[in-house]
Amino acid sequence: MEKLQYISQGQTITQQKNNILKALDAGAKWVQIRWKQSDEKDLYRLAEQIKRACTAFDAICIINDNPALAQAVDADGVHLGLDDCGILEARNLLGAEKIIGGTANTMTDVKRRIAENCDYIGLGPFMYTATKQKLSPLLGISGYETVMQQINREGLPSVPIFAIGGISTIEDIQQLLQTGVYGVALSGVVTQTPNIISTIHKLLS
């Protein structure tokens, strides 16, 4: 599984598409389409176009929050928030071969996601992020350390855990990797400077 996820940004379909294409062109191999303010038709159009682009770039295409849309465009999977439908429901719709990830903010959430047999966990937020409303409590480095240590101490099944939310510098990524997380999910820093992807890939290899 890729260790760098790019979570899309943009207020319009054009902004979304351009930002994703820049990330793909810079070497992103995992794109999560996240566009909360869209209408249904535009989101479908975007998902269709980005799925084709991801296929051309040999990249993974994940849809945020919407298993039905993931099924409709034959995306590679879906990412589900804590208040979205359950992992099992999405699995029944999409099938065993698709990637299904889930958000977590606490150790309780992590255990729930592991029990649900999700393919990866997006654990966060690390720091404040303007890309998400109703922000959960910030974890900081110490929060990731605590969760990762507890997972090891309790001998829980190994599920890739991605740090997410407000990760804005190379130093952030270096510190997070030292906690034992599998990878990182990034948005603003990649949108603003797509060429940073090559540096991040070196850190993650």
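You'll find the structure just up there.
Residues numbered from 1 in each chain as written. Predicted model: local features only at pLDDT ≥ 70, side-chain atom pairs only at ≥ 80, totals over all residues. Heavy atoms only, no water.

**Points about the pairing of strand β4 (residues 77–80)**
Short version of the rule: Buried means the residue's accessible area, taken with a 1.4 Å probe over protein chains only, is under 20% of the maximum for its type, while exposed means over 50%, and partly exposed covers the values in between. To qualify as a helix, a DSSP run of H or I must reach at least 4 residues; to qualify as a strand, a run of E must reach at least 2; elements of each kind are numbered from the N terminus. Two strands make a pair as long as DSSP finds a minimum of two bridges between them. Whether a crossover is right-handed comes down to one check: with the strands pointing away from the viewer, does the path from the first strand over the helix to the second run clockwise; if it does, it is right-handed.
By the alternation rule, side chains of β4 split into Gly 77 and His 79 and Val 78 and Leu 80, which are all buried. Bridging between strand β3 (residues 60–64) and β4 involves three bridges; their strand directions are parallel. Its bridge partner lying in β4, Asn 64 is registered against His 79. Remark: the β3/helix α3 (residues 67–72)/β4 crossover connection has right-handed handedness. Assessed by its sense of winding, the connection that carries the chain from β4 through helix α4 (residues 87–94) to strand β5 (residues 99–104) is right-handed.

**A word on helix α1 (residues 13–25)**
Going by this rule: Expected span, for any helix, means 1.5 Å times one less than how many residues it has. Of all possible arcs, the one meant is that of the directions from the helix axis to the C-beta atoms. In what follows, a contact means two residues having at least one pair of non-hydrogen atoms within 4.5 Å.
For α1, with 13 residues, the first-to-last C-alpha span of 18 Å sits near the 18 Å given by 1.5 Å per residue. Within α1, burial applies to Ile 13, Gln 16, Asn 19, Ile 20, Ala 23 and Leu 24. The buried residues of α1 occupy an angular sector of 140° when projected down its axis, which confines them to one face. Check the buried side of α1 and you find it contacts β1 (4–7), β2 (30–33), α2 (40–56), α8 (188–192) and α9 (196–204). The first or second residue beyond α1 is Gly 27, which carries a positive phi of 115°.

**With respect to the packing of aromatic side chains**
Between two aromatic rings, the relevant description is the distance of the centres plus the angle of the planes. Heads up, the condition is: Two rings from Phe, Tyr or Trp (for Trp, the six-membered ring) form a pair when their centres are within 6.5 Å of each other. A pair whose planes differ by under 30 degrees is stacked, one over 60 is edge-to-face, and the rest are tilted. Criterion for a charge above a ring: Arg CZ or Lys NZ at most 6 Å from the ring centre, at most 35 degrees from the ring normal.
Taken as a whole and judged by the stated rule, the model has five aromatic pairs. Taking the centre distance of 5.4 Å and the plane angle of 85° together, the rings of Trp 30 and Tyr 120 count as edge-to-face. A residue pair is termed long-range when its members are at least 10 positions apart, and Trp 30 in strand β2 and Tyr 120 in strand β6 (residues 120–123) qualify at 90 residues. Accessibility expressed as a relative area gives 1% for Trp 30, which makes it buried. Look at Tyr 120 and Phe 162: their rings are 5.5 Å apart centre to centre, the planes differ by 80°, and that puts the pair in the edge-to-face class. Linking Tyr 120 in strand β6 with Phe 162 in strand β7 (residues 161–164), this pair joins segments that are 42 residues apart in sequence. Side by side, Tyr 120 and Phe 162 carry an identical accessibility label, which is buried. Clustering of aromatic rings is evident, with ring pairs tying together Trp 30, Tyr 120, Phe 162 and Tyr 182. The side chain of Lys 3 reaches across the aromatic face of Tyr 182, ending 5.4 Å from its centre.

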